[in-house]
Structure formats: structure tokens, C-alpha cells
Amino acid sequence: VAEHSFGARLSRGTARKGWSLGLSYEGLRYLNLANADSLPPRLAMDAEARIPLGGGASLSIKGENLFNELAESVAGYPLPGFGLRIALSWRVGGDD
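Because the structure is predicted, anything quoted here is derived from the model rather than measured. (Residues numbered from 1 in each chain as written. Predicted model: local features only at pLDDT ≥ 70, side-chain atom pairs only at ≥ 80, totals over all residues. Heavy atoms only, no water.)

1. Concerning the environment of Trp-19
Relative to the helices and strands, Trp-19 is located in strand S2 (residues 18-26). Those residues in contact with Trp-19 that lie beyond four places of it in its chain are Leu-10, Ser-11, Arg-12, Glu-48, Ala-49 and Arg-50. (Helix = DSSP H or I, 4+ residues; strand = E, 2+ residues; numbered from the N terminus. Contact = heavy atoms within 4.5 Å.)

Structure follows, in C-alpha cells:
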């Protein structure tokens, strides 16, 4: 369990278009009840943009762990670094 943790998200727009920016922090995390072993604190930031392209099509771009922070949830097993996801989707039927 982390000594301290914090998370915040700022967003603007609708489900179909807009952007969001998130920040999360976890302080020192102890690995056992004696607090003898710990994992270092970690800070992560992510961002996402959703852009309608017309004709029911939309583009979504999401960046995760923008600072490329090295982190572990379990000692010796690193979490992925920076990640980028790009998605193109079409809405069939309904309003554009």
C-alpha cells in the first residue's frame, strides 16, 4: 500500500470530441508488513484527444506514461514505459 497517492484528470469536450489530461502519483510502497522492503514512488501522466472526421468516422489518440517513468507494481517486474494508441472508428447509423 502506498504511503500517499493522488490522482487528477482535466478534460473538455464530449464523448465524441475533446481531450483529457491525467496525472497520478503513488508514494513509497512497502512490500511487507515489517516495512523492510519498498518500491520507489512513481508519477504518471497520460493524455487523450478525440477528433470527429465526418461521415461517422472519428480518430482517437492516447499517450500513456508520457514521462516514460520506470515503475514496478511487484519488485522485479517492470511496468510498460511510454505507450501510444491510435484508433480510427466508424459509427454506423444514427446522427454524425
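2. Points about the pairing of strand S5 (residues 42-54)
For S2 and S5, the ladder comprises nine bridges, and the chain directions are antiparallel. In the sheet register, Leu-23 faces S5, and the bridge partner there is Met-45. Strand direction decides the pairing type here: S5 and strand S6 (residues 57-64), joined by seven bridges, are antiparallel. Note on S6: the bridge partner recorded for Pro-52 is Ser-58. Between S5 and the antiparallel strand that follows it, S6, lie two residues; Gly-55 among them carries a positive phi value of about 65°. (Pairing = 2+ DSSP bridges.)

3. As for the environment of His-4
Examined against the element boundaries, His-4 turns out to sit in the segment before strand S1 (5-13). Through-space distance from the C-alpha of His-4 to that of Arg-29 is 8.7 Å; in sequence the pair is 25 residues apart. Setting aside residues no more than four positions away along its own chain, His-4 makes contact with Tyr-25, Glu-26 and Gly-27.

4. Section: the pattern of salt bridges
Taken as a whole and judged by the stated rule, the model has four salt bridges. For Arg-9, the salt bridge is made with Asp-46, and the minimal N-O distance between the two is 3.0 Å. Of the two residues, Arg-9 sits in strand S1 while Asp-46 sits in strand S5, which places them 37 residues apart along the sequence. For Asp-46, a relative accessible area of 14% gives the class buried. (Salt bridge = Lys/Arg side-chain N within 4 Å of Asp/Glu carboxyl O. Buried < 20%, exposed > 50% of the residue type's maximum accessible area, 1.4 Å probe, protein only.)

5. What about the pairing of S1?
Sparse coverage of S1 is indicated by the burial of zero of its nine residues. Here S1 pairs with S2 via nine bridges, running antiparallel. Following the sheet pairing, Phe-6 is matched in S2 by Tyr-25.

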